[in-house]
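Chain by chain, the residues run as shown.
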Amino acid sequence: GQSLEQPSEVTAVEGAIVQINCTYQTSGFYGLSWYQQHDGGAPTFLSYNALDGLEETGRFSSFLSRSDSYGYLLLQELQMKDSASYFCAVFNRDDKIIFGKGTRLHILP
Amino acid sequence: NAGVTQTPKFQVLKTGQSMTLQCAQDMNHNSMYWYRQDPGMGLRLIYYSASEGTTDKGEVPNGYNVSRLNKREFSLRLESAAPSQTSVYFCASSEGGIRTDTQYFGPGTRLTVL
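In this structure, what is going on with the overall build of chain B? I would like to understand it.
Per the secondary structure count, chain B includes zero helices and eleven strands. Counting helices and strands in the order they occur from the N terminus, chain B gives β-β-β-β-β-β-β-β-β-β-β. Against the compact-globule benchmark of 13 Å for 114 residues, chain B has a radius of gyration of 13 Å, which places it among compact chains. In chain B, which comprises 114 residues, the proportion classed as buried is 47%. Taking the intrachain contacts of chain B between residues at least 6 apart in sequence as the baseline, contacts between residues at least 24 apart amount to 56%. Working note: accessible area of chain B is about 5,100 Å², and carbon and sulfur atoms make up 48% of it.

Below, the structure is given as structure tokens:
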């Protein structure tokens, strides 16, 4: 079967750095994506990793280790507007996609 | 560009009623998707369409039917609604296939089945 694990909640301070982890189990792994969702809003795409390593997009970076079945999202210079839920999603070669249950990020001033 | 639009935004149904959720995208994307999101949960794929004229089941297809009317539109039908189908429904689209591309989401339809 397929499964994803990510922490349910994370708290950090404005201006700091926070890392949200995602571990997965799937056969035929193809790639891992991250999405942000504000309360009452729609998910919006943040990043996609198919190969090992770090992808950087502004204040957000995403890392993947295929050998460890593990990825993380790194948010730097946290702002209050970053308070949201963050979902990892895993794709496999059979065109299956599963989303994690989400990590709620709380930012303290 | 409006992106991905969904109608209606809110809907209340009684058990056994039927309805169709509409979705349209103006980005000329090939693939379209329907997800449901239950409180405190991630998204679960109901159906997707990799191209006009094709549809495939996702993780939770039971109780739903879909139609890819043309490249722009992808509708989701509940033939006989059940309380377990109370959820927020999101439509999404992507230029490429399910594995490789960014998905763009609509604003969602909040459905309550009494």
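Would you mind going over the state of the cysteines with me for this structure?
Covalently bonding the sulfur atom of one cysteine to the sulfur atom of another cysteine gives a disulfide. Tallied over the entire structure, the rule returns two disulfides over all chains. Covalent S-S linkage joins C22(A) and C88(A), the inter-sulfur distance amounting to 2.2 Å. Disulfide C22(A) to C88(A): torsion about the S-S bond roughly 75 degrees, handedness right-handed. With C22(A) in strand β3 (residues 18-25) and C88(A) in strand β9 (residues 84-92), this pair connects stretches of sequence that are 66 residues apart. On the basis of relative accessibility, which here comes to 0%, the residue C22(A) falls in the buried class. The buried category is assigned to C88(A), whose relative accessible area is 0%. Each disulfide pairs two cysteine sulfurs, and for C23(B) the partner residue is C91(B), the sulfurs being separated by 1.8 Å. Residues C23(B) and C91(B) share a disulfide whose torsion about the S-S bond is about -70 degrees; that sign makes it left-handed. One end of the pair, C23(B), is in strand β3 (residues 19-25); the other, C91(B), is in strand β9 (residues 87-94), with 68 residues separating them in the sequence.

Sorry, what's going on with the packing of aromatic side chains here?
Here a ring pair, both rings aromatic, is described through the centre-centre distance and the interplanar angle of the planes. Counted according to the given criterion, the structure contains 14 aromatic pairs over all chains. A connected cluster of aromatic rings, assembled from ring pairs, spans Y35(A), F45(A), F99(A), Y33(B), Y35(B), Y48(B), F90(B) and F105(B).

Honestly, empty space enclosed by the protein in this entry has me stumped. Any pointers?
Over the atoms a probe the size of a water molecule is rolled, and this reveals where empty space is left. Residue and element names in this part refer to chain A. Under the criterion given, the structure shown has one cavity of 30 Å³ or more. Computed from the structure, the largest cavity encloses a volume of approximately 40 Å³. Looking at the largest cavity, the residues that line it are L46, S47, E55, T57, F60, S61, S62 and L73. Every element with two or more residues in the lining of the largest cavity is listed here: β5 (44-49), β6 (53-57) and β7 (60-65). Looking at the lining of the largest cavity element by element, the count peaks at three residues for β7. Tallied by class, residues from the lining of the largest cavity come to three nonpolar, four polar and one charged.

Looking at this model, I keep getting lost on the pairing of β7(A). Mind explaining?
The side chains of a regular strand alternate between the sheet's two faces. Residues and elements named next belong to chain A. By the criterion of burial, β7 is predominantly enclosed, with five of the six residues buried. Bridging between β6 and β7 involves five bridges; their strand directions are antiparallel. Bridge assignment links E55 to a residue of β7, and that residue is S62. Where β7 lies against strand β8 (residues 70-75), six bridges are found, and the strand directions are antiparallel. Considered in β8, the bridge of S65 is made with Y70. Taking the residues between adjacent antiparallel strands as the criterion, β7 and β8 are bridged by four residues, where S69 takes a positive phi near 50 degrees.

Procedures and definitions
Residues numbered from 1 in each chain as written. Chains lettered and ligands numbered in written order. Predicted model: local features only at pLDDT ≥ 70, side-chain atom pairs only at ≥ 80, totals over all residues. Heavy atoms only, no water. Helix = DSSP H or I, 4+ residues; strand = E, 2+ residues; numbered from the N terminus. Rg over C-alpha atoms; globule rule 2.2 N^0.38 Å. Buried < 20%, exposed > 50% of the residue type's maximum accessible area, 1.4 Å probe, protein only. Contact = heavy atoms within 4.5 Å. Areas by Shrake-Rupley, 256 points an atom, 1.4 Å probe, with all protein chains shown as cover. Disulfide = S-S within 2.5 Å. Phe/Tyr/Trp six-rings, centres within 6.5 Å; stacked < 30°, edge-to-face > 60°. 1 Å grid on protein atoms, 1.4 Å probe; cavity = no way out; pocket = protein on both sides within 12 Å on 5 of 7 lines; lining within 4 Å. Points joined across faces, edges and corners; volume = space filled by probe spheres on them. Nonpolar A, V, L, I, M, F, W, Y, C, P; charged D, E, K, R; others polar. Pairing = 2+ DSSP bridges.

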